[in-house]
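# Commentary on secondary and tertiary structure
What follows is the residue order along each chain.
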Amino acid sequence: TQKAQQSTFDNLNTEQFAAVQHIEGPSLIIAGPGTGKTKTLTGKIAWLIGNHHTKPEEILAITFTNKAAGELKERLEAILKSKTQSGEVTVSTFHAFGLAILKDFNVEFNRNANFILVDENLKREIIKSISKEKGSEAKKLSAEISKIKKGSLPENPFFKKYENELQKLNAFDLDDLIEKPVQLLSENKEITKKLRDKYQFIFVDEYQDTNDTQYKLLRLLAPDSNSNLCVVGDANQSIYGFRGANSGYISKFSEDYPKAKIFRLTKSYRCSQTILTASSNVIEQSGLLEGLNEGVQISISEQPSGAAEAEFIARQIVDLVGGVSFFSIDSSVAQGDKNDTIGSLSDLAVLCRTRNQFEAITKALRDHHVPYQEAGTIPYFQQEPFQSFTDITGAFLLDSFEQAALVFKLKKKNISQLQFELVKTQLKKPDVNSFLDFVKKEYFDKEEIHPNEWKRFINLATEKKSVSEFLQFLKLGLGTDAHNKSLEAVSVMTLHASKGLEFECVFIPGCEKGLLPYTLYKDEVDEDEEKRLLYVGMTRAKKLLYLTNAKTRTIRGRKFNLPKSPFLNSIQQELLMQIKNRPPQKEKEQDNQLSLF
Ligand code: ATP
Ligand code: MG
């Protein structure tokens, strides 16, 4: 309704509203964490549809993760009050968008609509089958092929052989998801025009993490100063340099689109001033933003071991959710308002530099019966046992046994041509339900799979229109960042996966030199990117922030004694509050534990 629309825009500040109202031509919204960039982007889409009569299907919004895409859709649904309208807006990641182009124009690539996506493992299998090379050599060739696709190495005969093989197998590899659309649009003016006409308005969130090919794709879709391209970002939150992202595209934007309008947002609606100041200290910048309120000091704590650190976090969480104040732990600190307790487990997150840290944390959470969800890990059904399952099931969607056998080594698994044909008939144009029945019989009833994982699998499968779509989804790893905000559970995730999200209370364990910056097992480290990563993590917190380090820790089976992260030393000491360690938990205290399962 008009009234609902009105209130949607009422709660934007003047700067945000100015950006929302800008319609024609390129624009850049550049602002710090929590200033409402994503909110403004969503508001802009709502404004276009509600006040500018733009058709939802003319809008393309690109986000960095599937989680972000999901959240944007949710926000749009809430604002637009109409599921159909918001459903017609294309909201996707670069990869999912590329996949959609490959689907729509599969014929241009000499593929049919049932093409499969080849992940790294499968890619190496194919390389082995056409080169007769073994493991490490195949790995090298695979990297080489990626470089050739990205244009940093010239083509060679083996590359052509590999490309032919992919085509024969009706397959694309993961590099193709963006590279092939870029190639298509560079060569085919008609299709380019079609897509430009279709997507009149293009939005990109987290623009600072755009890489070269993604940028090329954007330039092809939005070529000049007449293009309605709106990008939103923050150079200080650029954390994907290691994957080729180039925050330089923020400054390049004004060169490539000289008429671009630039908007800046200066008030953070997420973080307290304390958190903003401390996080700016880490990236050696000052006075970036105006915070919500003063907020409480940031708690720091040193623990004897990684296990003790995990135990500390779990107990702190139990206290916080159980209503024990942040400050009652150390009564000598008499600052703070009533804002220092946490209502729900979903308001809490533990953000780790590496996935290796998850094990200790989740164990401690289990010990204290605290429900949690992991994000940024590989879900069970994308791990080894399922890889073979998606490969084999995927093979049945292929055209012939020969192709399938080559790609998925069915022969080794003793599947005969006849069996193959039988299952293939069974799965002919399979609908998702009969597919799930099949999978259940063939896989789940025989193996021990956690009912929760099976439930998650069913949920993900039933969201998809077809089985091949679901299998493509699995291959893309699209489930990896699936994260359910409404779940009453603590989020355990990587710092990378936390981008764009916010929580009342954030724990960042492993603040040690070696983990932050992460230098262990690595040849090259971009120290500034590591600082920005901590900056991103710290600015996820609205009210409470815990930074912890451990004197000893086992990582990948090796014991380390790492000193405190040098990044912590750059934080103004008066912003930090040392939390004292409590004595070890006594048996009696067990009664006070949360029992939320
Ligand atoms: P990040 O850089 O982390 O992606 P962001 O700039 O995209 O952050 P948002 O996620 O859009 O910021 O907003 C941060 C929080 O502030 C959200 O909870 C949002 O609802 C709230 N917020 C943004 N603008 C306003 C406003 N004008 N009034 C009230 N709350 C706001
Ligand atoms: Mg955002």
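This is a predicted model, so every value here is computed, not measured. (Residues numbered from 1 in each chain as written. Chains lettered and ligands numbered in written order. Predicted model: local features only at pLDDT ≥ 70, side-chain atom pairs only at ≥ 80, totals over all residues.)

### Observations regarding the pairing of strand β1 (residues 27–31)
Inclusion rule: Neighbour counting defines burial: a residue surrounded by 20 or more other C-beta atoms within 10 Å of its own C-beta is buried, one with 12 or fewer is exposed, and intermediate counts give partly exposed, using backbone-placed C-beta atoms. Numbering goes from the N terminus for both helices and strands, where a helix is a DSSP run of H or I of at least four residues and a strand is a run of E of at least two.
Buried residues dominate β1, accounting for five of its five residues. Burial of β1 is two-sided: the residues S27, I29 and A31 facing one way and the residues L28 and I30 facing the other way are all buried.

### Comments concerning the UniProt feature "binding site: ATP" (unreviewed entry) in the protein
How we decide: UniProt positions are given in the numbering used here, feature names are shortened, and annotations may be inferred rather than shown by experiment. Residue pairs qualify as contacts under a 7 Å threshold applied to their C-beta atoms, which are placed from the backbone.
Following the UniProt record, one finds the feature "binding site: ATP" (unreviewed entry) at A31, G32, P33, G34, T35, G36, K37 and T38. Here P33 is to be found in the loop between β1 and α3 (37–51). With sequence-adjacent residues up to four places away left out, P33 is seen in contact with D234, Q237, S268, R270, C271 and T539. Judged by the 22 C-beta atoms lying within 10 Å of it, G36 is buried. Not counting residues up to four positions away in its chain, the partners in contact with G36 are Q16, L265 and Y269.

### Digging into α3
Here is the rule we go by: Every helix has an expected span of 1.5 Å times one less than the residues it contains.
In a regular helix each residue adds 1.5 Å, so 15 residues correspond to 21 Å; α3 covers 20 Å between its end C-alpha atoms and thus fits that length. Counting buried positions along α3 yields 12 of 15 residues, so the element is predominantly enclosed. Those residues of α3 that sit buried are K37, T40, L41, T42, G43, K44, I45, A46, W47, L48, I49 and G50. Downstream of α3 by one or two residues, H53 has phi in the positive range, about 55°.

### Some points on the packing of helix α7 (residues 120–131) against helix α8 (residues 135–149)
Just so we agree on the cut-off: Helix axes are fitted to C-alpha atoms over the stretch in contact, other axes to C-alpha atoms as well, and angles between N-to-C directions run from 0 to 180 degrees. Geometric relationships in this document are graded by angle, where less than 35 degrees denotes roughly parallel, more than 145 denotes roughly antiparallel, 65 to 115 denotes roughly perpendicular, and other angles denote oblique. For this classification, the nonpolar set comprises Ala, Val, Leu, Ile, Met, Phe, Trp, Tyr, Cys and Pro, the charged set comprises Asp, Glu, Lys and Arg, and every other residue, Gly included, is treated as polar.
Relative to each other, α7 and α8 sit at 110°, their axes nearing to 9 Å. On the basis of the axis angle, α7 is roughly perpendicular to α8. Where α7 approaches α8, its residues E120, K123, R124, I127, K128 and S131 are matched on the opposing element by A138, K139, L141 and S142. Tallied by class, the residues present in the contact of α7 with α8 amount to three nonpolar, two polar and five charged.

### Comments concerning the nonpolar core
How we decide: For this entry, the nonpolar core is defined as buried Ala, Val, Leu, Ile, Met, Phe, Trp, Tyr and Cys residues connected by C-beta atoms within 7 Å.
Formed by 70 residues in total, the largest nonpolar core has its most connected members in I29, I45, A61, I202 and F203. Leave out the neighbours within four places in its chain, and I29 touches A19, K37, T40, C230, V232, F263 and L265. Within the second largest apolar cluster, 63 residues are counted, among which are V282, L545, A550 and F567.

### Regarding the sheet that holds strand β8 (residues 261–265)
Rule in force here: For two strands to be treated as a pair, DSSP must find at least two bridges joining them.
Spatially, six strands are ordered β3-β2-β6-β7-β1-β8 in an open sheet, and the strand pairing comes out parallel. Both edges of this open sheet fall to β3 (90–93) and β8, since each of them pairs with a single strand only. Strand-to-strand, the axes of this sheet are offset by a mean angle of 15°, without reference to chain direction. Alignment of β1 against strand β7 (residues 228–233), held across four bridges, turns out to be parallel. Its bridge partner being in β7, L28 is matched across the sheet by V231. Along the sheet, helix α6 (residues 94–104) contacts β2 (59–63) and β3; its crossing angle with β3, the most-contacted strand, is approximately 110°.

### Let's talk about the site of ligand 1
Rule in force here: Only the C-beta atom matters for this test: placed from the backbone, it must lie within 6 Å of a molecule or strand for the residue to be near it.
G36, K37, T38, K39 and Y269 are the nearest of the 18 residues found near ligand 1. Take the shell around ligand 1: its biggest share by element is three residues, from α3. For the shell around ligand 1, a count of residues per class yields four nonpolar, nine polar and five charged.

### Quick word on the environment of G32
With respect to the helices and strands, G32 occurs in the loop between β1 and α3. When the C-alpha positions of G32 and D526 are compared, they lie 21 Å apart, and in sequence the two are 494 residues distant.

### Overview of the confidence of the model for the protein
The following threshold applies: One confidence number per residue, pLDDT, is output by the predictor and ranges from 0 to 100.
Summarising the model, the protein shows a mean pLDDT of 83, and 81% of its residues fall at 70 or more. Confidence, read as mean pLDDT per element, is least for helix α1 (residues 2–10) in the protein (60) and greatest for strand β6 (residues 201–204) (98). Confidence drops under pLDDT 50 across residues 327–339; counting only partners more than four residues distant or on other chains, this segment forms 12 contacts. Interface confidence for the predicted complex, given as ipTM, is 0.99, next to a pTM of 0.84.

### So, the environment of D431
Inspection of the secondary structure assignment puts D431 in the loop between α19 (417–426) and α20 (432–444). Taking the number of C-beta atoms within 10 Å as the measure of exposure, D431 has 11 and is therefore exposed. It is 29 Å that separates the C-alpha atoms of D431 and L72, two residues lying 359 residues apart in sequence.

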